[in-house]
Amino acid sequence: QVQLVESGGGLVQAGDSLRLSCAASGRTSSSYAMAWFRQASGKEREFVSSISGSGAYRYFAESVKGRFSISRDNGENTVYLQMNSLKAEDTAVYYCAARSVSVTAKDSSAYPFWGQGTQVTVSS
């Protein structure tokens, strides 16, 4: 129904910035709430950030507050995650997710649509 494709990952040094993109296609809607999760090697998937369908409401995990920002371009069905002041502990595969309601959630089980993930590696 909905396909999500992440891009923008790569290898950077601690303190650098990186912007991830999530392009949605298929039967999608600009009213969908969107979120970013990440999963480090050997660890469980964790919530990073989310944005409401309107873009008016944004939420962040405590570990990334003040460093990351989330935005969306509903005209292009794209969500962005701007990551600044990256740390080695930010190293993970980052996943984009969507749900067919406008209200966000922090639980990964609330999101039925997922991208394939993009690797972010931060060296120190």
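Residues numbered from 1 in each chain as written. Predicted model: local features only at pLDDT ≥ 70, side-chain atom pairs only at ≥ 80, totals over all residues. Heavy atoms only, no water.

A. Quick look at the overall build of the protein chain. Helices and strands together make up the secondary structure of the protein chain, namely zero helices and 11 strands. Going residue by residue from the N terminus, the α and β elements of the protein chain occur as β-β-β-β-β-β-β-β-β-β-β. Computed over its C-alpha atoms, the radius of gyration of the protein chain comes to 13 Å, within 12% of the 14 Å expected for a compact globule of 124 residues. Its C-alpha atoms put the protein chain at 40 × 25 × 25 Å along the principal axes. Split into buried and exposed, the 124 residues of the protein chain put 44% on the buried side. Once local pairs closer than 6 in sequence are excluded, the contacts in the protein chain between residues at least 24 apart make up 58%. (Helix = DSSP H or I, 4+ residues; strand = E, 2+ residues; numbered from the N terminus. Rg over C-alpha atoms; globule rule 2.2 N^0.38 Å. Buried < 20%, exposed > 50% of the residue type's maximum accessible area, 1.4 Å probe, protein only. Contact = heavy atoms within 4.5 Å.)

B. Inspection of the state of the cysteines at higher detail. Throughout the structure, instances matching the rule amount to one disulfide. One disulfide bridge connects C22 with C96, the sulfur atoms lying 2.1 Å from each other. Residues C22 and C96 share a disulfide whose torsion about the S-S bond is about -80 degrees; that sign makes it left-handed. Here C96 lies in strand β9 (residues 92-99) and C22 lies in strand β3 (residues 18-26), a separation of 74 residues in the sequence. Pair check on accessibility: C22 and C96 agree, each one buried. (Disulfide = S-S within 2.5 Å.)

C. Main features of the environment of K65. By secondary structure assignment, the location of K65 is in the loop between β6 (58-60) and β7 (68-73). The spacing of K65 and S21 is 44 residues in sequence and 19 Å in space, taken between C-alpha atoms.

D. Here's a closer look at the side chain of R72. Residue placement: R72 occurs in strand β7. D73 is the oppositely charged side chain nearest to the buried, salt-bridge-free R72, at an N-O distance of 8.3 Å. For R72, the side chain forms a polar contact with the main-chain oxygen of Y32, separated by 2.8 Å. A distance of 2.8 Å separates a polar side-chain atom of R72 from the backbone oxygen of S52. (Lys, Arg positive; Asp, Glu negative; His and termini not counted. Salt bridge = Lys/Arg side-chain N within 4 Å of Asp/Glu carboxyl O. Polar contact = N/O pair within 3.5 Å; in protein donor to acceptor, adjacent residues only side chain to side chain.)

E. A look at the pairing of strand β11 (residues 118-123). Of the two faces of β11, the one holding T118, V120 and V122 is buried and the one holding Q119, T121 and S123 is not buried anywhere. In this structure, strand β2 (residues 10-13) lies alongside β11, joined through four bridges in parallel fashion. In the sheet register, L11 faces β11, and the bridge partner there is T121. Bridge analysis of β9 against β11 gives three bridges, and the strand direction is antiparallel. (Pairing = 2+ DSSP bridges.)

Nothing here speaks to function; it is all geometry.
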